[in-house]
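# Fold and geometry: a report
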Amino acid sequence: AAWEREVRRSATPRRDGGLSVLVTGAAGFVGAHCSLALRGRGDGVVGLDNFNAYYDPSLKRARQRLLASRGVAVLDADINDGALLERLFAAAPFTHVLHLAAQAGVRYAMRAPQTYVASNVAGLVSVFEAAAKHADPQPAVVWASSSSVYGLNTDAPFSEEHRTDRPASLYAATKKAGEAIAHAYNHIYGLSITGLRFFTVYGPWGRPDMAYFSFARSIVAGEPITLFRAADGADARRDFTYIDDVVKGCLGALDTAGRSTGSKSGKKRGPAPLRVYNLGNTSPVPVTRMVAILEKLLGKKAHKRVVTMPSNGDVPFTHANVSHAARDFGYRPATSLEAGLRHFVEWFVQYYKLGIKGSNVLAGKTTKRKSM
Ligand code: NAD
């Protein structure tokens, strides 16, 4: 069928020894960037996304068009559709799955809790099931956990072995559950699984629901922004991590994931790897500093309201130790928040066709950016 032909074409690597990767959440922020980077180095990529309306679906469609222009097909499908996943694995022998589809965002969980269970727990199981039972040979799975699993932990910087039993949001709880589910699938089916704990990823083509993005919009529109301060008066801090650094980490994790040792029969042939890595920037920055950088780039002051952090799922700070990712696949975050936000604002004003008087981004020459 035409559908199968399209999947096979997109899944076929264009270099010797290239990977063939199924990317879920490929029309999402991190998924689109990773898909382009994989295609750019000659790997085969098939994307999948349900284009839900958690944030502006037209932004997801724009990413899909960009991917299509580079030869990457992104199918409209839900990860909970097990029959479709089975057809996909039958159509193309994927060597890897990069599972990024999820319901993201910590605060929205208070409004739509079941959405998190559906995508981050049931959906994760659906992907692991298909990879473990319906693909032959089994692909290695790399999936997105989150720095939020560290929850209310305060012994920073966070290392992978630190405790993760105090999630501060349902979102964090579903990611923590995902790590337990990964353990079970690895143990029973010998599925090779690598979990990546991302730390506040930002950049061009980013997520409009995240603070840096919504603050940029509010600053341009002259609308007030709300900043949170911890109960002890300290500014909230985040280990903001630039998208290109995260992409390098994802590709590094895929390259070292290898194939798993299990087979379609479900028999375990030997120990398959089960790993988890932090992908952060290793330098937490006060959110107030992030706003000051945006003000400078946009040439406009923010109207700030500072309130004590409510119990809405946010944590006071995040801070990654990335020594394990550095050791195993040479992960080294290289982008300062100033440089990364400049790339974001350049994209932002272009994408929304904003003419901003006094913006030193529009006045000056734009900086060189190799990726999307
Ligand atoms: P995103 O929302 O832009 O991307 C996720 C994509 O998955 C979206 O395009 C969405 O339409 C799709 N999706 C959601 N549920 C689906 C389903 N049931 N079936 C098919 N598609 C579905 O988010 P992102 O920032 O690119 O995040 C990617 C992954 O990284 C997510 O798992 C997220 O939880 C995790 N993560 C992100 C960050 C960050 O700062 N961006 C931090 C920690 C973890």
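One structure accompanies this document, and this report is about it. (Residues numbered from 1 in each chain as written. Predicted model: local features only at pLDDT ≥ 70, side-chain atom pairs only at ≥ 80, totals over all residues. Heavy atoms only, no water.)

Let us look at the side chain of Asp-314. Inspection of the secondary structure assignment puts Asp-314 in the loop between strand 13 (303-308) and helix 10 (323-329). Under the relative-accessibility criterion, Asp-314 is labelled buried at 17%. A polar atom in the side chain of Asp-314 sits 2.8 Å from the side chain of Arg-107. (Helix = DSSP H or I, 4+ residues; strand = E, 2+ residues; numbered from the N terminus. Buried < 20%, exposed > 50% of the residue type's maximum accessible area, 1.4 Å probe, protein only. Polar contact = N/O pair within 3.5 Å; in protein donor to acceptor, adjacent residues only side chain to side chain.)

Near the ligand lie 28 residues; those nearest to it are Val-30, Asp-49, Tyr-55, Tyr-171 and Val-201. Tyr-55 is positioned with one of its side-chain polar atoms (N or O) 2.5 Å from an oxygen atom of the ligand. Within the contact set of the ligand, an oxygen atom lies 2.8 Å away from a backbone nitrogen or oxygen of Val-201. Burial of the ligand by the surrounding chains reaches 97%, relative to a free accessible area of 820 Å². Among the elements of the structure, helix 2 (29-40), strand 5 (140-146) and helix 6 (170-189) are those that each provide at least two residues to the shell around the ligand. (Near = heavy atom within 4 Å. Areas by Shrake-Rupley, 256 points an atom, 1.4 Å probe, with all protein chains shown as cover.)

The topology assignment puts Val-315 in the loop between strand 13 and helix 10. Distance from Val-315 to Asp-43, taken between C-alpha atoms, is 37 Å for residues 272 residues apart in sequence. Residue contacts for Val-315: discarding those within four places in its chain leaves Gly-151, Leu-152, Ala-168, Arg-238 and Met-309. (Contact = heavy atoms within 4.5 Å.)

Quick look at the packing of aromatic side chains now. Summed over the entire model, instances satisfying the criterion amount to 29 aromatic pairs. The interplanar angle of 90° and the centroid separation of 5.9 Å between the aromatic rings of Phe-89 and Phe-94 together place this pair among those described as edge-to-face. When sorted by exposure, Phe-89 lands in the same class as Phe-94, which is buried. Here Phe-213 and Phe-348 contribute two aromatic rings whose centre-to-centre distance is 5.8 Å and whose plane-to-plane angle is 90°, an arrangement assigned as edge-to-face. (Phe/Tyr/Trp six-rings, centres within 6.5 Å; stacked < 30°, edge-to-face > 60°.)

What follows covers the state of the cysteines. Counting across every chain of the model gives zero disulfides. The thiol sulfur of Cys-34 is not disulfide-bonded, and the nearest other cysteine sulfur, from Cys-250, lies at 3.8 Å. Exposure remark for Cys-34: the relative accessible area of 0% places this residue in the buried category. The buried category is assigned to Cys-250, whose relative accessible area is 0%. (Disulfide = S-S within 2.5 Å.)

The subject of this paragraph is the side chain of Asp-239. Here Asp-239 is to be found in the loop between strand 9 (237-238) and strand 10 (241-242). Buried charge without a salt bridge: Asp-239, with Arg-237 as the nearest opposite-charge side chain at an N-O distance of 9.2 Å. Within the local environment of Asp-239, its side chain forms a polar contact with the backbone nitrogen of Ser-283, the two atoms lying 2.9 Å apart. When neighbours within four sequence positions are excluded, Asp-239 is seen to be in contact with Phe-199, Thr-200, Gly-280, Asn-281, Thr-282, Ser-283, Pro-284, Thr-318, His-319 and Ala-320. (Lys, Arg positive; Asp, Glu negative; His and termini not counted. Salt bridge = Lys/Arg side-chain N within 4 Å of Asp/Glu carboxyl O.)

Further remarks concern the packing of helix 9 (residues 287-298) against helix 11 (residues 337-351). Contact pair helix 9 / helix 11: the axes reach a minimum separation of 10 Å and the direction vectors enclose 50°. The orientation of helix 9 with respect to helix 11, classified from their angle, is oblique. Crossing handedness for the pair helix 9 and helix 11: right-handed. Listed contacts from helix 11 to Arg-289, Met-290, Ile-293, Leu-294, Leu-297 and Leu-298 of helix 9 are Leu-337, Glu-338, Leu-341, Arg-342 and Val-345. Of the residues assigned to the contact of helix 9 with helix 11, the class counts are eight nonpolar, no polar and three charged. (Axes fitted to C-alpha atoms, helices over the stretch in contact; angles between N-to-C directions. Parallel < 35°, antiparallel > 145°, perpendicular 65-115°, else oblique. Left-handed = near helix turned anticlockwise from the far one by under 90°. Nonpolar A, V, L, I, M, F, W, Y, C, P; charged D, E, K, R; others polar.)

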